Every structure is written in C-alpha cells, then in structure tokens.
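Fold and geometry: a report
Spelled out from the first residue to the last, the chains are:
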Amino acid sequence: MNVFETLESEVRSYCRSWPVVFDRAVGSWLYREDGEPYLDFFAGAGALNYGHNNPVLKQALIDYLQRDGVTHALDMQTVAKRDFLETFTEVVLQPRRLDYKIMFPGPAGANAVEAALKLARKVTGRESIINFTNAFHGMTLGALSVTGNSMKRGGAGIPLVHATPMPYDNYLDGKVEDFLWFERLLEDSGSGLNEPAAVIVETVQGEGGVNVARDEWLRGLAALCKRHDILLIVDDVQMGCGRTGPFFSFESAGITPDIVCLSKSIGGYGLPLALTLFRPDLDIWEPGEHNGTFRGINPAFVASTEALRTYWSDDKLEKSTLAKGEQVDRVLNGLVEALPGTPMRAKGRGLARGLSFETGELASTVCRAAFDRGLLMETSGPEGEVAKVMPPLTVTDEELGDGLDRLVAAVNEVCA
C-alpha cells in the first residue's frame, strides 16, 4: 500500500514527477530513504537559495531553539523580529537607498501579493489591477485574479475580476511597440479600461516559462506608471533574494517599485516567511486590517537574519550567482547549437534558467530522463514546455558541472 496515494489528496504534483520517498537533505543534495542521492536543480521552487540544512543557518536555529526562544508570536514584539528588522534595513535596504516600511502579511508569497493588492486599492480608491500574460502570483483568489495560467485560474470556481492582462515583454515577438496597447487604452476615454490602482509584474516570470523582461522594458513600465499615477508592484517572491544575481531582481533596471513582494528564500532555511515592502507614505493600514496567525514565525526571522549577515554583507554571492548563471547559459546554448533538429531556446537570468522546447511533453520527457540520472528538475510555462534549471545559489562549481552534465546527457538521450 502506498500511503501517499491512499491518504493524500489528488492535488499533489511534484511527487508524481519524482516517485521516490526522500529522507535527508544537505546543501544541493536530497537523499532517498535508502540513501540514494539526487542533485537538486529545483531548490524548493526558489525557497532554498542557500541550500538544504545550510550549516550556518542550522546552528543559529539550534541555538535559538535550545534557549527556548519564542516560536510563535503573531505580530508581537520579539528579539528575533527586532534583529531581523534591523539587519534587513542595514544590510539590504540602506545600501540600496530604498526607503520601505516592512509588513509581515502571512507566511507565503500569496499573502504578500494579497496585501499588496489590498493596499494599492486602499491607497488609490480604485479597484482595477493590471497584470501580464503568463504571470503567476499565487493561488489565493486575489493572487489568482492577476495570474495568467488558465488551469490554475479555473480552480477558483468563481469569476476572477478586477484585473486586466497586458502583453509581457516580447509577448508579441517584438512586432509591437512596448506598451502601445496599454498606454492607448489609458489615454482613450472610450477604451472601457477602468483606471488602474496598480500594475503588478515579475521581472522574470518563473512559473510562466522563465520569461525575462528587458531592463529597458521595466524602465518604460515604471515611467508609464509614474505618468499615469499608477502604483508599481514588483513580485519578487521567486526571483528575489539573489536568484537573478542582485538581492532584488529589479536592481539592474534601476527602478524603485512602490511596493515589493518577498517570500520563499527570505525565510533563509526554507521556513515560511513573507514581506510586503512599500513606500512609507502608503502605510495607511488600520491596526489589524490585514493580519494572520502565522505572520510572526520567529525561527524564520532567526534563519533569515543569519542568511542576510552571512551572504549579503558583501557582493560575493551576487558575483558567484552571475558567473554560474553564465556557465549554465553556455551549456544550454551549446545544446541548442548541437541539436539543430530539435527546436530549443535557452532562457533566463542569473541562476533562473530554462531550456524551452516545442511541447510540454518533450520538456517533461527530458526532466524524467534527468531524474533517472539523479537530477531533480521541474517544468514551467503555459504548456509546461520549459525545463527549468534552478539550483541553490550556494551550489559548488563541481556540483553545478555535474548537474549540467546530467542534463546534457538527458537532452541527448531524448532529442539526439
């Protein structure tokens, strides 16, 4: 009897691609219960940028728990929260000259997005939100309303309203001037477009297919929002915390969003934590107007604080991520060139990379072949057509080369 199939809901997904039982995890490796190792190019969907059971973060957690540090605190004031707030401000915000209030909306990325949407509507008095094609922002109703995937939207069971999709960068293959349609609708009193409260955007669409927005496109979007008095929300849940190189994925574009959503690796150890950051003048919440039981998980504050001090007090991790990302890009483009009979395209930025195929079936077959070689990868994109490469940022050069060799062998087996 398979207890997972017997007792767990049919909604489970990742375990169907990786039909084994895992027991241990260290760094960039997961181990089956029989000890068989798997190299992890999934990294908890971006929640494990610092790897599994990172020893530095683990020791900080052990020390905190052994001294009976507070675990659950809602939004009470604790030493762990104070340390996190001070460290995040000193290590992340101040060096980047970012002036944001910090909100703890609940433990997941969807909570951060829900809070951002609610705040934008409260501040502006408007209801409509602009989102983008192939966006993914979460599975709760507000976050789903600004998500593009039809299968995930269909799970809501009710109409998802008050959001209007616009073409993401290069959605029309460069044939239409950036924002031509969007700005025309904004300026035409007969367009029928409700005046937006905000625009929400991912600088790199991870679940949408590893689609990268150009820096100039992001700057154009920020300028458009400013001209029309629309708040700009950047969802950095998956691409923040260094996944693209810099701590925030929007840094290379030189823009300053009005609101930023963070989760996943902000918890440091894979522990649940989410932040909604916003300009101080937008902080018009009434006490308790948006809350949640698990918005004060203090072990996550401890792990996050240690991660910030260890990895973001200098630029070593950023430079390493960019260099390793270029290595992945070279290998993926080498596959594209070596197999001209199989249309493929290398995509991505930093250590968020992907190999796009013509069909989701082909990408899934490649990921299954990688799994057979002890490499964990997932697919993304509207049809699951992108084989996604997202190792921990702390992956060693040897581990990265090993994983890429396994991926090359998998692609060659399926496509050669």
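Because the structure is a prediction, the values reported are computed rather than measured.

**Looking at the side chain of glutamate 399**
Tracing the backbone shows glutamate 399 in helix α14 (residues 397-415). Here glutamate 399 is buried and forms no salt bridge, its nearest opposite-charge partner lysine 324 lying at an N-O distance of 7.4 Å. Beyond its immediate sequence surroundings of up to four residues, glutamate 399 is in contact with Ser28, Trp29, Leu39 and Phe41.

**Side note on the pattern of salt bridges**
A complete count under the given rule lists 22 salt bridges for this structure. Here glutamate 10 makes a salt bridge to arginine 12, at a shortest N to O gap of 3.9 Å. We classify arginine 12 as buried; its relative accessible area is 12%. Residues lysine 122 and glutamate 289 are paired through a salt bridge, measuring 3.1 Å at the closest nitrogen-oxygen approach. Pair noted here: lysine 122 is in helix α6 (residues 109-124) and glutamate 289 is in the loop between β12 (275-278) and α11 (298-311), with a separation of 167 residues, a long-range link. Sharing partners across several salt bridges, the network here consists of Asp169, Asp178, Arg214 and Glu216.

**Re the packing of aromatic side chains**
Summed over all chains, the structure comprises 18 aromatic pairs. Aromatic pair phenylalanine 247 and tryptophan 312: ring centres 5.1 Å apart, planes at 85 degrees, arrangement edge-to-face. Here phenylalanine 247 is found in the loop between β10 (231-235) and β11 (259-262), whereas its partner tryptophan 312 is found in the loop between α11 and α12 (316-338), with 65 residues between them in sequence. By the burial criterion, phenylalanine 247 is buried, and tryptophan 312 matches it. Counting every residue linked through ring pairs, the aromatic cluster contains Phe84, Phe88, Phe104, Phe247, Phe248, Phe250, Phe301 and Trp312. The cationic tip of arginine 24 hangs over the ring face of tyrosine 31; the distance from NZ or CZ to the ring centre is 4.9 Å.

**Some points on the sheet that holds strand β3 (residues 37-40)**
Taken in spatial order, the four strands line up as β1-β2-β3-β15 in an open sheet, and their pairing is mixed. Strands with a single pairing partner mark the edges of an open sheet, and in this sheet they are β1 (22-26) and β15 (375-376). Packing of α14 onto the sheet brings it into contact with β2 (29-32), β3 and β15, and relative to β3 it is tilted by some 100 degrees.

**A look at empty space enclosed by the protein**
Counted under the stated rule, the structure contains one cavity of 30 Å³ or more. Approximately 30 Å³ is the volume attributed to the largest cavity. Tyr50, Cys241, Phe247, Ser265, Ile266, Gly268, Ser304, Ala307 and Leu308 together form the lining of the largest cavity. When the residues that make up the lining of the largest cavity are grouped by side-chain class, the tally is six nonpolar, three polar and no charged.

Criteria and cut-off values
Residues numbered from 1 in each chain as written. Predicted model: local features only at pLDDT ≥ 70, side-chain atom pairs only at ≥ 80, totals over all residues. Heavy atoms only, no water. Helix = DSSP H or I, 4+ residues; strand = E, 2+ residues; numbered from the N terminus. Buried < 20%, exposed > 50% of the residue type's maximum accessible area, 1.4 Å probe, protein only. Lys, Arg positive; Asp, Glu negative; His and termini not counted. Salt bridge = Lys/Arg side-chain N within 4 Å of Asp/Glu carboxyl O. Contact = heavy atoms within 4.5 Å. Phe/Tyr/Trp six-rings, centres within 6.5 Å; stacked < 30°, edge-to-face > 60°. Lys NZ or Arg CZ within 6 Å of the ring centre and 35° of its normal. Pairing = 2+ DSSP bridges. Axes fitted to C-alpha atoms, helices over the stretch in contact; angles between N-to-C directions. 1 Å grid on protein atoms, 1.4 Å probe; cavity = no way out; pocket = protein on both sides within 12 Å on 5 of 7 lines; lining within 4 Å. Points joined across faces, edges and corners; volume = space filled by probe spheres on them. Nonpolar A, V, L, I, M, F, W, Y, C, P; charged D, E, K, R; others polar.

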